[in-house]
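Here is how the chains run, residue by residue.
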Amino acid sequence: MHIAQKKGITIIGPATVGGIKPGCFKIGNTGGMMDNIVASKLYRKGSVGYVSKSGGMSNELNNIISTVTNGVYEGVAIGGDRYPGTSFIDHLLRYQKDPECKILVLLGEVGGVEEYRVIEAVKQGVITKPIVAWAIGTCAAMFKTEVQFGHAGSFANSQLETAIVKNKSMRDAGFYVPDTFEDFPEVLAQVYQKLVADGVIKPEAEPAPPKIPMDYSWAQELGLIRKPAAFISTISDDRGQELLYAGMPISDVFSEDIGIGGVMSLLWFRRRLPPYASKFLEMVLMMTADHGPAVSGAMNTIITTRAGKDLISSLVAGLLTIGERFGGALDGAAAEFTNAVDKNLSPREFVDTMRKQNKLSKCYCMTHVES
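Here's what I pulled together on the structure shown here. (Residues numbered from 1 in each chain as written. Predicted model: local features only at pLDDT ≥ 70, side-chain atom pairs only at ≥ 80, totals over all residues. Heavy atoms only, no water.)

Regarding the nonpolar core
Move 1: In terms of nonpolar packing, the biggest core is built from 49 residues, with L92, I103, V118, I127, I131, F175 and L188 touching the most fellow members.
Move 2: Residue contacts for F175: discarding those within four places in its chain leaves V118, I119, V122, I131, A133 and M170.
Move 3: Ranked by size, the runner-up nonpolar core spans eight residues in total, among them M248, I250, V253 and V263. (Core = buried A, V, L, I, M, F, W, Y, C linked by side-chain atoms within 4.5 Å. Buried < 20%, exposed > 50% of the residue type's maximum accessible area, 1.4 Å probe, protein only. Contact = heavy atoms within 4.5 Å.)

Here we look at the pattern of salt bridges
Move 1: The final tally for this structure, using the stated rule, is 10 salt bridges.
Move 2: When the shortest N-O distance is used, the salt bridge between K45 and E100 registers 2.1 Å. Linking K45 in the loop between α2 (34-39) and β3 (48-52) with E100 in the loop between α4 (88-97) and β5 (103-109), this pair joins segments that are 55 residues apart in sequence.
Move 3: Relative accessible area serves as the criterion here: at 47%, K45 is assigned to the partly exposed category.
Move 4: Close ionic contact of E256 with R272 constitutes a salt bridge, the shortest N to O distance being 3.2 Å. In this pair, E256 is assigned in the loop between α9 (250-255) and α10 (259-269) and R272 in the loop between α10 and α11 (275-288), connecting sequence segments 16 residues apart.
Move 5: For E256, a relative accessible area of 44% translates into the label partly exposed.
Move 6: In this structure R272 comes out as partly exposed when scored by relative accessible area, which is 43%. (Salt bridge = Lys/Arg side-chain N within 4 Å of Asp/Glu carboxyl O. Helix = DSSP H or I, 4+ residues; strand = E, 2+ residues; numbered from the N terminus.)

Some points on the sheet that holds strand β7 (residues 236-237)
Move 1: The antiparallel open sheet is built from three strands, whose spatial order is β7-β8-β9. This sheet does not close on itself; its edge strands, each paired only once, are β7 and β9 (248-249). (Pairing = 2+ DSSP bridges.)

Quick notes on the packing of aromatic side chains
Move 1: One pass over the full model with this rule turns up two aromatic pairs.
Move 2: Plain terms: the ring middles of F337 and F350 are 5.5 Å apart, the flat faces sit at 65° to each other, and that makes the pair edge-to-face. Of the two residues, F337 is situated in helix α15 (residues 329-342) and F350 in helix α16 (residues 347-356); the sequence distance between them amounts to 13 residues.
Move 3: With relative accessibility at 5%, the residue F350 sits in the buried group. (Phe/Tyr/Trp six-rings, centres within 6.5 Å; stacked < 30°, edge-to-face > 60°.)

See the structure below:
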């Protein structure tokens, strides 16, 4: 907070839902979803600037203000911290200096003494605009023991910090304080109507609310839309009660014992292939299951060669696959390749030499390139 003040930066919170200035910006979750923003007329500026400790109650203020006045000019929830980044007085002084903000609203609570700083500013004539205020937590007087409300700062360490004394002190200082929070809208409406009658506030014609698309999550919850599939499979269907492979129920796949080749024929070719074709597919799987010719580097070399590419391209395709997870055999192969280069052996001579030494596992890459 000290560093922020030195840099001229305003901190809202830390424990806050944010703030909103209709027609300008919204910070955090203040105002709720788009439909609530439209309902509270937070899409265009009004004349009332409020500061609230409670984030949830700030949304209630949005609703009250839009109902009994021409709307919110700016609203900030400073949060219920014992030591918030900014206090009531910080924001109310901003509203006081802003000629477009006509009415100030303060929604405090039990605990802390920040309301008294505002009272002192009013007494000294620093704040002259009308303030409609209320301190939440008057019910604490009904309990026989000390009451700690939800916020960290909502605990009265003295009579001065109780909601009842705060409300009385604000009323004595000239604030417009209702008898209960239930009367808050009526008091605010009276202040607003007086300023309208005096010409201080000149209500403008209500603009047509903007057409805002429904929030996706809310529309999905209501069942109005569905999220598109992340992927589409054309080889299997899981929409029914039983999984289908090319139209064949998975239970039939198991009961007929069509084997891996039969499953591949259904999934890859979308039809049952003759038994010899299924056997061929299984044979291919058996051959490529071996670590040697089926390892990724060798396979990429073979595939590139089968695609009609030249020797260098095929070799590079295999070599570029080599990484930390490739395996330790590459270290031995690299050593043999280095020895072959030092001895000026041709690829054929190198392969023949390795075969004679029965070191085929270390020269598979070059073998496949040769093939």
